[in-house]
Each structure stands twice: as structure tokens, then as C-alpha cells.
Amino acid sequence: MQPEQVRSRAPGRVNLIGEHTDYNDGFVMPLALPFDTTLSIVRRPDRRVLLHSAGFEDLEFSLDDDPSDVGSWGRYVAGMAHYLEADGLAVSGFEATISTTIPVGASLSSSAALENAAGFGLTVMAGETPDPVKIATLGQRVENEIIGIQSGIMDQLISAVAVEGFAMRIDCRSLESTPVRVADNASVVIMDTMTRRELADSEYDLRRQACERAASTIGVSALRDATIEQVDAMSSGVDKRRATHVVNENARVLQAEQLLNNDDLTEFGRLMNESHYSLQTNYEVSSDALDQMSAIAREHDACFGARMTGGGFAGSAVACIDRSQSENFVSHVKRRWEDEAGTVPDVWIVEPAAGASAVVV
Ligand code: GLA
């Protein structure tokens, strides 16, 4: 049975540790956010697609158009429809109203959420059961082939497979994910610097190319397979610094999983700090604002650790803190940030949410 109306939702994410490792076949540890993108989809009898979203101009296109020609954010939806259909799904025309509570440009994966919400929604609309890993993979293809950013699988995958109440340790080679519980006495806090990145996509692709060169210098298919001894033996330069970050960061994720399983928040926090310094110095994807926000978080006694999250250059930092001091921590960060940067940051205490879903309405 193919329903006439479907409602779907997909969350944004914050990454606790494991940054710029996903496209090296490595490990990441994100969690899905209680912020999401929802789509209310109504079937149309033809192949037209109409999209509405408050604050944006309506978009209209045909399923037969090249998705790369569709305007702005419509490309994420058009791209998903295109790849799902190419994969054999019975996609019909539709009208959808889109709304989101994920701040755009804050490194919290609003685009992956839109891709997944469209992917889950259109699959249920076709009368099929969504395969979360497959939809995530198609979302990554939209980024790579239609948006033109060579991003990894982390954002789409966590948004698709997350389990409520848990962070997920994801193996970006096998695409297997393992729930990891963050102790009840800890809170995860997102601190948005309110800076937004421009023209950072080319930097992202350059990082990826450096990693691929380093892997081929070492003689492995991806840096996931390299040891730190092999990286140490490389001649110094940018590629070596990038590879140093990736190999150590992968090890940090595996160690972090064990530490969280043992409720060792102090050591886990120390790894978050190390991750930040490595992203700042070896990987060079942090920014003054992200460094400053992480430093302000670390000033507070409640903070186990803090770091930039996501691709970098702007957006948000994440901290793991002692839950009993949450309110005091949040006012500290806001006050200190206003003093230093002169802007009012958004700061959220977040609980891990469930991955994407879609229902017939
Ligand atoms: C962005 C990309 C992800 C990942 C992170 C960095 O969010 O979309 O695939 O590479 O940057 O960890």
C-alpha cells in the first residue's frame, strides 16, 4: 500500500570525538540531537515536486530535472529523490512542507537531517521500510555528487541510526555502530560561537586530499590502516601533520569508548581537549572563535573537556560537564563569551535523541 501522506523527521548531530576520521575509514562518536528537520509530505499524481519552508521561497521542480539544477536547499531533496529512484524505489511527485529546529551553519548537520528526512519520508511514501544505512549512504552521495563536497558518512549515518539516550561509536569502514552510554552524572553542552563559515568547502576537500596522499605514501588504502610509527617515518610537512591527527584521533575514539564504558569522565574529557589541540595545530581546521569558546568552557570546574565539533572553521564547540553544575556552567559560558566576543552565544544542554523515522498520517 502506498500512502497519500507521510510525516518524517531526522535529527542533527553533535560529534563528541573522532573528527575528520570518517573519510579515512576511521572511527567517530557522535550523538543525535533533540533538534530535527521534519517533512510533511503529500503525494501528487504527477512527477512535480513542490517544497515550502517558512522564511524561504517556495521551490518547484520535476523528478525528471537534473537535481544539480534545482535551486539552493531544494537540491538536497531533489538529490535524495533522484538516488532513491535510481536505486529502484517507486518515487512519485509530492508536495512537502519542511521545518527545522536545527540551527543552520552551526556544524550540527542540518543538511544531513534534510537528506535523511526526505529519504525516510519518500521511502515510506513508496510503501517500503527505510533501510537507515542505505539512506545515509545515498545522502552522502548527494553531498559528494550534487552539492560537491567530498564529506564522509558520519553526519548522515548518525542522523539515521542513532539510539535515544546513547552516543554511537561508528566504524566508518564497516558502517557498524555501537551505542555508548554517557554517564548519568554528565551532560553534553553545545556552545555555538555564532560564527558561520564561508568558502570552507575547498579547505575540507584539501584535507581529504592530503589524507589520501599520506595513505598512498605509507602504502595503505586508508589512514585507518596506518600506525603512528608509519606516520612518524614520513618526511615532515603538511601531509604528515594531517596524518598524525587522523591516526591519533582514531585511537582516541576507541579509547574514549572504553573510558565512557568505565564512567571515567575525567580521562574522557582529557581526550576531548587533546582532540581539539590536534585539530587546531595538526589539522588546522579550528578558528579563533572555536579555540576561545573551548577555552572558556575549560575554565569552569564542571568541565571535563571541550573541543570544536564537526568540520571546523566556525560553528559550535561541544563540552562534557558535571551535570550537577549545568546551569552555573551555562551562565559562565554566556557571560564570558559576551565579555570576550561581544555577541550572545546559543548554549544548549542536550540529551541524545533517536535517529530518523517516518510514519503514515
Ligand atoms: C563534516 C562532514 C563529516 C565529517 C566532519 C569532520 O561534518 O560532513 O563527514 O568529515 O565534517 O569530522
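These numbers were taken from a predicted model, which means no experiment stands behind them. (Residues numbered from 1 in each chain as written. Predicted model: local features only at pLDDT ≥ 70, side-chain atom pairs only at ≥ 80, totals over all residues. Heavy atoms only, no water.)

Asks: What exactly am I supposed to notice about the packing of aromatic side chains here?
Replies: How two aromatic rings sit relative to each other is set out by the distance from centre to centre and by the angle between their planes. Per the stated rule, a full pass over the model turns up three aromatic pairs. Judged by centre distance (5.2 Å) and plane angle (65°), the ring pair of F35 and W348 falls under edge-to-face. With a gap of 313 residues between them, F35 in strand β2 (residues 27–43) and W348 in strand β11 (residues 346–350) connect regions that are remote in the sequence. On the accessibility criterion, F35 (12% relative accessible area) is buried. The ring of Y283 has R242 sitting right over it, with the charged end atom 6.0 Å from the ring centre. (Phe/Tyr/Trp six-rings, centres within 6.5 Å; stacked < 30°, edge-to-face > 60°. Helix = DSSP H or I, 4+ residues; strand = E, 2+ residues; numbered from the N terminus. Buried < 20%, exposed > 50% of the residue type's maximum accessible area, 1.4 Å probe, protein only. Lys NZ or Arg CZ within 6 Å of the ring centre and 35° of its normal.)

Asks: Help me understand the packing of helix α2 (residues 110–125) against helix α4 (residues 154–161) in this model?
Replies: Geometrically, a packed helix pair is captured by the angle between its two axes and the distance between the axes. Running from N to C, α2 and α4 cross one another at 50°; their axes reach a closest spacing of 9 Å. The angle between α2 and α4 falls in the class oblique. As α2 packs across α4, the resulting crossing turns out to be right-handed. Contacts between α2 and α4 involve A112, A113, E115, N116 and F120 on the former and, on the latter, D155, Q156, S159 and A160. Looking at the contact of α2 with α4 residue by residue, the class counts come to four nonpolar, three polar and two charged. (Axes fitted to C-alpha atoms, helices over the stretch in contact; angles between N-to-C directions. Parallel < 35°, antiparallel > 145°, perpendicular 65-115°, else oblique. Left-handed = near helix turned anticlockwise from the far one by under 90°. Contact = heavy atoms within 4.5 Å. Nonpolar A, V, L, I, M, F, W, Y, C, P; charged D, E, K, R; others polar.)

Asks: Would you mind showing me how to read the site of the ligand here?
Replies: Near the ligand you find R13, E19, H20, D22, Y23, S151, G152, M154, D155, Y204, G310 and G311, and these make up its full shell. Between an oxygen atom of the ligand and a side-chain N or O atom of R13, the distance comes to 3.0 Å. A distance of 2.5 Å separates an oxygen atom of the ligand from a polar atom in the side chain of D22. Protein contacts shield 92% of the accessible area of the ligand, which totals 310 Å² for the unbound molecule. Per-class residue counts for the shell around the ligand are three nonpolar, five polar and four charged. When we break the shell around the ligand down by domain, the ones giving at least three residues each are domain 1 (5–180 + 353–360) and domain 2 (186–350). (Near = heavy atom within 4 Å. Polar contact = N/O pair within 3.5 Å; in protein donor to acceptor, adjacent residues only side chain to side chain. Areas by Shrake-Rupley, 256 points an atom, 1.4 Å probe, with all protein chains shown as cover. Domains from an automatic or database assignment.)

Asks: Just checking my understanding: could you explain helix α5 (residues 201–218) for this structure?
Replies: Since the α-helix packs 3.6 residues into each turn, any two residues three or four apart lie on the same face. Between the first and last C-alpha of α5 there are 26 Å, a value that for 18 residues agrees with the 26 Å anticipated at 1.5 Å per step. Those residues of α5 that fall on the buried side of the exposure criterion are Y204, D205, R207, R208, A210, C211, A214, A215 and I218. Where α5 is buried, its residues touch α6 (228–232) and α7 (238–261). (Expected span 1.5 Å × (residues − 1).)

Asks: Just to check I follow, could you spell out the domain arrangement of the protein for this structure?
Replies: Often the size quoted for an interface is simply the accessible area lost on bringing the parts together. Domains assigned within the protein are domain 1 (5–180 + 353–360) and domain 2 (186–350). Each partner contributes to the interface: domain 1 provides 37 residues, whereas domain 2 provides 45 residues. Of the roughly 3300 Å² buried between domain 1 and domain 2, counting both surfaces, carbon and sulfur atoms make up 62%. Our count for the domain 1 to domain 2 interface comes out at four salt bridges. Linking R173 and D225 is a salt bridge whose minimum nitrogen-to-oxygen distance equals 2.8 Å. Breaking the side of domain 1 that touches domain 2 down by element, the ones donating at least two residues are β1 (5–17), β2, β6 (167–171) and β7 (176–180). For the side of domain 1 that touches domain 2, the element with the most residues is β2, which contributes seven residues. Each residue belonging to the side of domain 1 that touches domain 2 can be placed in one class, and the counts come to 17 nonpolar, 13 polar and seven charged. (Buried area = accessible area lost by both parts, 1.4 Å probe. Salt bridge = Lys/Arg side-chain N within 4 Å of Asp/Glu carboxyl O.)

Asks: Could you clarify how one ought to interpret the state of the cysteines in this entry?
Replies: What is meant by a disulfide is a covalent connection between two cysteines, made through their sulfur atoms. Here the structure, examined in full by the defined rule, presents zero disulfides. C320 provides the cysteine sulfur closest to C303, a residue in no disulfide bond, and the two sulfurs are 8.0 Å apart. C303 sits in the buried class, given a relative accessible area of 13%. Accessibility expressed as a relative area gives 0% for C320, which makes it buried. (Disulfide = S-S within 2.5 Å.)

Asks: Please clarify how helix α10 (residues 326–341) should be interpreted in this entry.
Replies: Its 16 residues place the ends of α10 22 Å apart at the C-alpha level, agreeing with the 22 Å of an ideal helix rising 1.5 Å per residue. Backbone geometry just after α10 places G342 at a positive phi near 75°.

Asks: What should I look at first to understand the packing of helix α3 (residues 132–147) against α4 in this one?
Replies: α4 packs onto α3 with a crossing angle of 150° between their chain directions and a minimal axis gap of 8 Å. Looking at the two axes, α3 sits roughly antiparallel to α4. The interaxial crossing formed by α3 with α4 has right-handed handedness. Between α3 and α4, the residues in contact are P132, V133, A136, G139, Q140 and E143 and Q156, L157, A160 and V161, respectively. A breakdown of the residues in the contact of α3 with α4 according to their chemical character gives six nonpolar, three polar and one charged.

Asks: Can you walk me through the sheet that holds β11 in this structure?
Replies: Sheet strands pair by backbone hydrogen bonding; their relative direction is either parallel or antiparallel. The four strands are arranged β9-β10-β8-β11 in an open sheet whose pairing can be described as antiparallel. Edge positions in the sheet fall to β9 (303–308) and β11, since each of these pairs with one other strand and no more. Ignoring strand direction, the axes of neighbouring strands in this sheet form an average angle of 20°. Bridge count between strand β8 (residues 186–192) and strand β10 (residues 316–322): seven bridges; the pairing is antiparallel. From the neighbouring strand, V189 faces β10, where its bridge partner is A319. (Pairing = 2+ DSSP bridges.)

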